[in-house]
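# Fold and geometry: a report
What follows is the residue order along each chain.
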Amino acid sequence: MFRGFFVKTIGFVGYTIQYGCIAHCAFEYIGEFVSCSGPSMEPTITNHDVVFSERVSRNLCRIQKGDIVIAKSPFDPKMNICKRVIGLEGDKVCNSGPSDVFKTHTYVPRGHVWLEGDNLRNSTDSRSYGPVPYALIRGRVCLKLWPPQSFGVLAESPNDGRIL
């Protein structure tokens, strides 16, 4: 009796480890569900929206201007940020705020991207911390899952004029 219980327990633990490894690989290399908070991506993504972030594009270096990405914060590596890619390496980008009278520009260095929130007046982004290393990008947001009435592909940037 004890032996049968022991064998079943070992079998259960084995299956749990296998499924845990499969789940880890899926979330690490395919994609993950992300709950977004904060006002920086409004109106495209609002507080507590749930999105699906796929990782295949990032791993294949297929991130493009206009994509919304999940990245590690340059200020706090424990925190993720959700921003739109405005510029890729070599691009000239405007690093001034929307209300600045004098516009200044900078070039995105090699291996970096320029990220900005859609809500320019209420976003801490590359205008504050500069270009973000490509290695900090975790994935590209491809679907909004929650709330149900907003389910689907994400809208274009309300700031299309900033993507040169």
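About the cut-offs
Residues numbered from 1 in each chain as written. Predicted model: local features only at pLDDT ≥ 70, side-chain atom pairs only at ≥ 80, totals over all residues. Heavy atoms only, no water. UniProt positions renumbered as here; feature names shortened; annotations may be inferred. Buried < 20%, exposed > 50% of the residue type's maximum accessible area, 1.4 Å probe, protein only. Helix = DSSP H or I, 4+ residues; strand = E, 2+ residues; numbered from the N terminus. Pairing = 2+ DSSP bridges. Salt bridge = Lys/Arg side-chain N within 4 Å of Asp/Glu carboxyl O. Contact = heavy atoms within 4.5 Å. Axes fitted to C-alpha atoms, helices over the stretch in contact; angles between N-to-C directions.

An unreviewed UniProt entry lists the chain under the name Mitochondrial inner membrane protease subunit, with Cirrhinus molitorella as the source organism. Per UniProt, the comment on the chain under Subunit (unreviewed entry) is "Heterodimer of 2 subunits, IMMPL1 and IMMPL2." The Subcellular location (unreviewed entry) comment attached to the chain in UniProt states, word for word, "Mitochondrion inner membrane".

### Examining the pairing of strand β7 (residues 112–116)
Note on strand geometry: in a regular strand, side chains alternate between the two faces of the sheet. Summarising burial for β7: four of the five residues are buried, a large majority. Inspection of the sheet shows strand β4 (residues 80–87) paired to β7 by three bridges, in the antiparallel sense. Looking at the pairing, R84 lines up with E116 of β7. Pairing of β7 with strand β8 (residues 132–133) involves two bridges; the strand directions are antiparallel. From the neighbouring strand, V113 faces β8, where its bridge partner is V132.

### Regarding the pattern of salt bridges
Taken as a whole and judged by the stated rule, the model has six salt bridges. K144 is the salt-bridge partner of D49, the closest N and O atoms lying 3.1 Å from each other. Here D49 is found in the loop between β1 (31–35) and β2 (50–54), whereas its partner K144 is found in strand β9 (residues 137–146), with 95 residues between them in sequence. Of the two residues, D49 and K144, neither departs from the other in class, the shared state being buried.

### Some remarks on the UniProt feature "domain: Peptidase S26" (unreviewed entry) in the chain
UniProt annotation of "domain: Peptidase S26" (unreviewed entry) refers to residues 17–95 and 102–146 when read in the numbering used here. The span residues 102–146 carries 9% helix and 44% strand; its end-to-end C-alpha distance comes to 39 Å.

### Section: the sheet that holds β8
Strand order in the open sheet formed by seven strands is β1-β2-β9-β3-β4-β7-β8, with antiparallel pairing between adjacent strands. Edge positions in the open sheet fall to β1 and β8, since each of these has one partner strand only. Against the sheet, helix α1 (residues 2–29) contacts β1 and β9, and its axis sits at roughly 75° relative to β1.

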